[in-house]
Amino acid sequence: MSAGPFEAQGRGQSAPRAPRMPSSRLAVTGILTAGLAVLTVVLALTAFDYWSSRRTLLQDSAVEAAIVADNVSAAVMFRDARAANETLAALRYSPMVVGAGIYDSDGVLFAKYGEDAGLPASLPASGMADAAERHGWSRLDIQRPITVSDTAWGTLYIQKSTGTANRRLAIRFAGALFIALCVMGAAAAMVLRSRAVVRAAESRLHLLAHTDAVTGVGNRHAFNEQLALQIAQARERGERVALVYIDLDNFKALNDTFGHAAGDGLLHEVARRLQSVVRSADIVSRLGGDEFALILRWEIDDAALDHYGRRIVEMFKSPYSELGQPVALTCSVGIATFPEDAREMDALMGCADTAMYRAKELGKNRSVRFDASMNLVAARRRAIGQALRAELETGSGLALHYQPLLDARTRTPVGAEALLRWTHPELGSIPPLEAVSVAEESGLIAPLGYWALRTACRNAVRWQAAGPMRVAVNLSARQLAEPHFLEQVMDILREEDFPPQLLELELTETVLMENVDAGAHTLRRLSQIGVHLAIDDFGTGYSSLAYLRQLPMRRLKIDRSFVKELPEQDHSRAIVNAIIALAHELDLEVTAEGVETEAQAAYLVQQSCDVLQGYLFAKPMSSEDFFARVVQPRAESG
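Just so you know, these numbers come straight off a predicted model, no measurement behind them. (Residues numbered from 1 in each chain as written. Predicted model: local features only at pLDDT ≥ 70, side-chain atom pairs only at ≥ 80, totals over all residues. Heavy atoms only, no water.)

Student: Sorry if this is basic, but what is going on with the packing of aromatic side chains here?
Tutor: To describe a pair of aromatic rings, one takes the distance between the centres and the angle between the planes. Scanning the model with the defined rule gives 7 aromatic pairs in all. The interplanar angle of 55° and the centroid separation of 6.4 Å between the aromatic rings of Phe223 and Tyr245 together place this pair among those described as tilted. Of this pair, Phe223 sits in helix H5 (residues 220-237) while Tyr245 sits in strand E6 (residues 241-248), placing them 22 residues apart in sequence. Plain terms: the ring middles of Tyr402 and Trp463 are 5.2 Å apart, the flat faces sit at 90° to each other, and that makes the pair edge-to-face. (Phe/Tyr/Trp six-rings, centres within 6.5 Å; stacked < 30°, edge-to-face > 60°. Helix = DSSP H or I, 4+ residues; strand = E, 2+ residues; numbered from the N terminus.)

Following this line, the structure appears as structure tokens:
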């Protein structure tokens, strides 16, 4: 497949189509179940009615036969056929009796009632033998011995029709069934009438469960369902699925600066633009925060996929006006494919995530395809994260080294910056930037920061015998955002018995911009208790200087990238001069880091820089070396 299909843009699927809801099946099942239950009840009642009627009929017939046998006994004994017939004629008042006969002791018909009864000519011909009764579906036969003084003179035989009783029973059954069907019909009508409402509610719930409320595209739940489905179908058909992760660069700073409502509008516009560049069969989802994902279905070749990634990055070049003013926004894109990069869903997501972070490491605002070599980097970072977690529990391999801070004019040590060092028995020496980056990814940056702060305060307590010397500790954005950060700092200062006025916390401009509102109160409270606040790497972050006026900063640190080109480069001299002038106008002290030559130091002193730091004076050293090489000589000279 060529890149052509990407030119025929369509609106990508924002959320999975709602599956067939179970309301119809539940309604039909409920009605059928109710119908079977009602039919069962009607049949049970009818069976009980039939059994009860039959029992009553048998009891009444037995009593009736006993009365007739007793009344006719004298006529049989005296063989008075006329009297016997007259007695049997009284049975005409019993509508169920169709015939009756009296048989003498020899079983010969002696008298009868009913001309068309079809009575047997002899008693044995009835086939009842010694049975007292014989019940069929439409007829009841009863025989009763005729006795006088315990002497049998004959037998009374009565035939009854049960048709009338059966008809009454059928009418009752039909009536009950009709009433039950009417009730069922009414219930079914109510259920079917409400089915549309139930189905609409189910559809609404499905939509809410699968749609992101801010952007209107699918949410993480919908994304997971769709990705699993697409991978299963691709595996079955031997096709390819591409997964694209998109992370907005520096979105949090924009969101905090312009407000969450404006940030939501920006996210909605990003989703709309993504939908405009994907095909109709592709799926757009928001995973949360500033992360989006695309699932590219059907066959896609590598050229088309690379083209797709470039188009997504280029889509962000047009300014966004949702924040009340045109704002430039960039993104980092990571792409992975099934089955080349991974054959399982979790692994594919991990590959896309790894590629996206690689795009950020390369400078952001770009698209990166996953490569197997990235797994080595990811594996190392996972190993570092696991090792760091263990180190924070034992603290055996972690250490702080200290680089002296010198008064620019007298070259006298006035403090030191604490710098992380870590040597692991298996991983070896781990660069500080890599360790901090992994700590931020794995959620360990706050524990690591508190460990560094406590260790620095504990070590710096020894220095104070030679005179006040401050210690500078770097502060992360995650720490500043923690709700109990202020309490933690105060607890450490109290437990280590370290004066707050000798502690300096360094924050980068990025950290300040990301926490300018939430962290303002915390920073002011720290300043009130005496802690000094410094802006590290000044000039390399956001250009907004509002925080210099809003926050109680005490120091600016000129980034080493500007110091490195002094004094030869005109633009470096202009930047450094402007930073020093601005700081002094705001009553802020200035520290220049990365000083490596005497020419750089002389120029900075000439421009009234307050503090110098760099390899020209000393490299970072262990706490013991710092005490021996810096603190003790200072005490001896003092």
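Read on, since the account is not over.
Student: What's the story with the sheet that holds strand E4 (residues 139-148) in this structure? I'm lost.
Tutor: Sheet strands associate in pairs through backbone hydrogen bonding, adopting either a parallel or an antiparallel arrangement. Strand order in the open sheet made by the 5 strands is E2-E1-E5-E4-E3, with antiparallel pairing throughout. Two strands in the sheet have a free side with no partner beyond their single neighbour: strand E2 (109-113) and strand E3 (133-135). Looking at each pair of strands side by side, their axes are set apart by 15° on average, direction ignored. Relative to E2, strand E1 (residues 97-104) is paired through 4 bridges, and the arrangement is antiparallel. Within E2, the position partnered with Tyr103 by the bridge is Leu109. Lying on the sheet, helix H3 (residues 81-89) is in contact with E1, E2 and strand E5 (151-161); it crosses E2 at an angle near 30°. (Pairing = 2+ DSSP bridges. Axes fitted to C-alpha atoms, helices over the stretch in contact; angles between N-to-C directions. Contact = heavy atoms within 4.5 Å.)

Student: Can you walk me through the packing of H5 against helix H9 (residues 345-361) in this structure?
Tutor: Angle between the axes and distance between the axes are the two parameters that describe a pair of packed helices. Relative to each other, H5 and H9 sit at 110°, their axes nearing to 10 Å. As far as their axial angle goes, H9 and H5 are roughly perpendicular. The hand of the H5/H9 crossing is right-handed. Contact residues: H5 offers Phe223, Asn224, Leu227, Ala228 and Ile231, while H9 offers Met345, Leu348 and Met349. By residue class, the composition of the contact of H5 with H9 is 7 nonpolar, 1 polar and no charged. (Parallel < 35°, antiparallel > 145°, perpendicular 65-115°, else oblique. Left-handed = near helix turned anticlockwise from the far one by under 90°. Nonpolar A, V, L, I, M, F, W, Y, C, P; charged D, E, K, R; others polar.)

Student: I'm lost on the sheet that holds strand E10 (residues 366-369) in this one. Help?
Tutor: Pairing is mixed in the open sheet, where 5 strands are placed in the order E7-E8-E6-E9-E10. The two strands at the open ends of the sheet, each matched to only one other strand, are strand E7 (283-288) and E10. Across the sheet, the mean angle separating the axes of adjacent strands is 20° when strand polarity is ignored. Examined bridge by bridge, E6 and strand E9 (residues 331-338) share 8 bridges and lie antiparallel to one another. Looking at the pairing, Tyr245 lines up with Gly334 of E9. Against the sheet, H9 makes contact with E6, strand E8 (291-296), E9 and E10, and its axis sits at roughly 150° relative to E9, the strand it touches most.

Student: Looking at this model, I keep getting lost on helix H20 (residues 598-606). Mind explaining?
Tutor: For the α-helix, the turn length of 3.6 residues means that residues three or four positions removed from each other point alike. When we look at burial in H20, the residues that qualify are Gln600, Ala601, Tyr603, Leu604 and Val605. On the buried face of H20, the contacting elements are helix H18 (560-563), helix H19 (570-585), strand E18 (589-593) and strand E19 (611-613). At the exit of H20 stands Ser608, carrying a positive phi of roughly 70°. (Buried < 20%, exposed > 50% of the residue type's maximum accessible area, 1.4 Å probe, protein only.)

Student: Hey, could you run me through unusual backbone geometry in this one?
Tutor: Note: most peptide bonds trans; most residues except glycine with negative phi. Cis geometry is adopted by the peptide bond preceding Pro339, which originates at Phe338 and carries an omega value of 5°. With respect to the helices, strands and loops of the structure, Pro339 is situated in the loop between E9 and H9. Of note in this structure, Ser149 is not a glycine but carries a positive phi near 55°. Relative to the helices and strands, Ser149 resides in the loop between E4 and E5. Non-glycine residue Asp497 carries a positive phi angle of around 55°. Tracing the backbone through its elements, the reader meets Asp497 in the loop between helix H14 (485-496) and strand E15 (503-508).

Student: What am I meant to see in the pattern of salt bridges here?
Tutor: Side chains that differ in charge, positive against negative, can pair when their charged atoms come close. One pass over the structure, following the stated rule, counts 32 salt bridges. Note that Glu86 is salt-bridged to Arg82, the shortest N-O span being 3.4 Å. Of this pair, Glu86 and Arg82 both sit in helix H3, 4 residues apart, which is roughly one turn of that helix. Residue Glu86 is classed as partly exposed on the basis of its relative accessible area, which comes to 48%. With a shortest N-O distance of 3.1 Å, Arg411 and Glu598 are connected by a salt bridge. Residue Arg411 is located in the loop between strand E11 (398-407) and strand E12 (413-424), and its partner Glu598 is located in helix H20; the two are separated by 187 residues in the primary sequence. According to the relative accessible area criterion, Arg411 is partly exposed, its value standing at 34%. In this structure Glu598 comes out as partly exposed when scored by relative accessible area, which is 46%. Salt bridges sharing common partners tie together Arg240, Asp302, Asp306, Glu340 and Arg369. (Salt bridge = Lys/Arg side-chain N within 4 Å of Asp/Glu carboxyl O.)

Student: How should the environment of Leu420 be read in this particular structure?
Tutor: For Leu420, the position within the fold is in strand E12. Note on Leu420: relative accessible area 14%, which makes it buried. Distance in space between the C-alpha atoms of Leu420 and Leu433 is 9.0 Å, their sequence separation being 13 residues. In contact with Leu420, not counting residues within four places along its chain, are Leu398, Ala399, Leu400, Pro432, Ala435, Val436, Leu448 and Trp451.

Student: I keep staring at the nonpolar core and nothing clicks. Help me out?
Tutor: Burial of nonpolar side chains together is a common tendency in soluble globular proteins. Counting 80 residues, the largest nonpolar core has Trp463, Val471, Leu503 and Leu505 as its most contacted members. Among the elements that take part in this core, helix H12 (residues 445-460) stands out by supplying 10 residues, more than any other. Here Val471 is in contact with Tyr402, Ala416, Ala418, Ala456, Ala460, Trp463, Phe498, Leu502, Leu503 and Glu504, once residues within four sequence places are set aside. Core analysis: the second largest hydrophobic core is formed by 32 residues, Val270, Leu296, Val313 and Leu329 among them. (Core = buried A, V, L, I, M, F, W, Y, C linked by side-chain atoms within 4.5 Å.)

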